[in-house]
Amino acid sequence: MELACVIVILAQCVWPVWTQVIHLTDMYGTIKSPNFPESYPKETELQWNISVPDGYQIRLYFMHFDIEPSYLCEYDYLKVYSDTDELAVFCGRENTDTEQVPAADVIMSPRSVLSVAFRSDFSNEERYSGFEAHFSAVDVDECRDRNDEDLVCDHFCHNYIGGFYCSCRYGFLLHSDNRTCKVECNDSVYMERSGEIASPDFPKPYPKSSDCMYRIELEEGFQITLEFDDTFDIEDHPEVTCPYDFIKIHAGNKEFDPFCGEQSPGKIQTGSNMVSILFHSDNSGENLGWKLTYTSTGSECSPPVAPHNGHLEPLQSNYIFKDHITLTCDPGYSLRQGDNELEHYQIECQRDGKWSSDVPLCKKKESQRRRRSLPSILTNPILSSL
């Protein structure tokens, strides 16, 4: 037994150290052992490198297989690789505890390349006939195979022979990576005194690879308050402050820290009438996003007193900058401002906390005074004697 082992080792040492490599680039073809269907020669090393275009896999199956059996296929064998990954090792005529034959198995390459290596040792005493295998390129359905995250489309995936492409829902744009759907959201300007702002698609996951700028622009004299909802979910990191997705807030010359994670920032008094909110997202994650309500307050004006025979609308306990009051008079009376007779008059609360003008008085209309003086004319004794 020891002598046999020595002979095997010596035989292996004198084998050729080179391997003949055959490159195959067709979409289908046949691989056969040398001399097939006759017995294959000894001391042979062959390797077939098959490559097809990207977007395809390689399907390999055997019509015939007959290679010398040995423990763990140490002597003659056929090995199948994809790049450096070993997919299978075959030898023998039937499966045993230590040998495997392809039989009806189909081997699929994980990528677009596949190598088949055949080796025979120094003997082939029983004249094994070798093998015959067929290969063909098979289209990869990238839209169905989602094991590789890089091949998944954000919204819609469209497969075609040899590849795929992505598209996005209405309102979204395809990122330069041709997979991610982003939004254009840099032109959002809010000029109302109150409102709501939320991340795109809230409360559904926000888009990836997007930079959204929201601007609240009110007149000088207002101060803006932001209040975030309790539902707040932005991708974060346990050790680094907001390295992936974040919200940054600028208000006048103040900058508020980046916000992320699941803890809502709550209420923020900006102290400014101009606020910019930047929301950034990277190319990964499925977080729900955020929503906020903004309100504004201004300088207060003291409630004015309605003139005698006059009314103020609306009646409020307090008035702030930009609030308006309309003044009207009872029937038979009109507002007087200088020589002008007005049916109604409006004043505005200014940023300095003062009204735009004093409240005018309600006076009897000129026509009413003339009508009231008519009876005295009729009772004049000089006129009545005529």
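Residues numbered from 1 in each chain as written. Predicted model: local features only at pLDDT ≥ 70, side-chain atom pairs only at ≥ 80, totals over all residues. Heavy atoms only, no water.

Q: Where do I start with the overall build of the chain in this structure?
A: A count of helices and strands for the chain gives 3 helices and 30 strands. Sorting the 386 residues of the chain into buried and exposed places 38% on the buried side. Considering only contacts within the chain whose residues lie at least 6 apart along the sequence, 69% involve residues at least 24 apart. In the structure as shown, the chain presents an accessible area of about 22800 Å², 49% of it carried by carbon and sulfur atoms. (Helix = DSSP H or I, 4+ residues; strand = E, 2+ residues; numbered from the N terminus. Buried < 20%, exposed > 50% of the residue type's maximum accessible area, 1.4 Å probe, protein only. Contact = heavy atoms within 4.5 Å. Areas by Shrake-Rupley, 256 points an atom, 1.4 Å probe, with all protein chains shown as cover.)

Q: Even after reading the chapter, I still don't get the sheet that holds strand β20 (residues 267–269), so can you show me in this structure?
A: Paired through their backbone hydrogen bonds, the strands of a sheet run either parallel or antiparallel. Taken together, 4 strands build an open sheet; the order of strands is β15-β22-β17-β20 and the sheet is antiparallel. With partners counted over all chains shown, the strands left at the sheet margins are β15 (195–198) and β20, one partner each. Looking at each pair of strands side by side, their axes are set apart by 25° on average, direction ignored. In this sheet, strand β22 (residues 291–298) lies alongside strand β17 (residues 222–228) in antiparallel orientation, the contact comprising 7 bridges. For Gln223, the partnering residue across the bridge sits in β22 and is Thr297. (Pairing = 2+ DSSP bridges. Axes fitted to C-alpha atoms, helices over the stretch in contact; angles between N-to-C directions.)

Q: Is there a simple way to think about the confidence of the model for the chain in this case?
A: Detailed reading of the predicted coordinates is not advisable wherever pLDDT falls low. Confidence in the prediction for the chain averages 87 pLDDT; 88% of positions are at 70 or higher. Taken as a whole, residues 1–17 scores under 50 in pLDDT and shows 12 contacts with residues more than four places along the chain or in a different chain. Counting contacts from residues 376–386, a segment whose pLDDT is below 50, to residues more than four positions away or on other chains yields 1 contact. (pLDDT = per-residue confidence, 0-100.)

Q: What should I look at first to understand the environment of Cys349 in this one?
A: Of note, Cys349 is situated in the loop between β29 (344–348) and β30 (361–364). On the basis of relative accessibility, which here comes to 0%, the residue Cys349 falls in the buried class. Through-space distance from the C-alpha of Cys349 to that of Glu300 is 7.6 Å; in sequence the pair is 49 residues apart. When residues no more than four places from it in sequence are discounted, the contact partners of Cys349 are Ser299, Glu300, Cys301, Tyr319, Ile320, Phe321, Lys322, Asp323, Lys354 and Trp355.

Q: Quick question: what am I supposed to make of the sheet that holds strand β16 (residues 210–217) here?
A: Pairing in this open sheet of 5 strands is mixed, and the strands run β14-β16-β21-β18-β19 from one edge to the other. Strands with a single pairing partner mark the edges of an open sheet, and in this sheet they are β14 (185–190) and β19 (254–259). The average undirected angle you get between the axes of adjacent strands in this sheet is 15°. Relative to strand β21 (residues 274–281), β16 runs antiparallel, the two being bridged by 8 bridges. Opposite Cys212, over in β21, you have Phe279 as the bridge partner.

Q: Help me understand the side chain of Asp282, please; the structure alone is not making it clear to me.
A: Position of Asp282 relative to the elements: it lies in the loop between β21 and β22. For the buried Asp282, no salt bridge exists, and the shortest N-O distance to an oppositely charged side chain is 8.3 Å, to Lys208. Among the polar contacts listed, one links the side chain of Asp282 to the backbone nitrogen of Ser284, at a separation of 3.2 Å. Sequence-distant contacts of Asp282, defined by excluding residues within four places in its chain, comprise Lys208, Ser209, Glu235, Tyr244 and Asp245. (Lys, Arg positive; Asp, Glu negative; His and termini not counted. Salt bridge = Lys/Arg side-chain N within 4 Å of Asp/Glu carboxyl O. Polar contact = N/O pair within 3.5 Å; in protein donor to acceptor, adjacent residues only side chain to side chain.)

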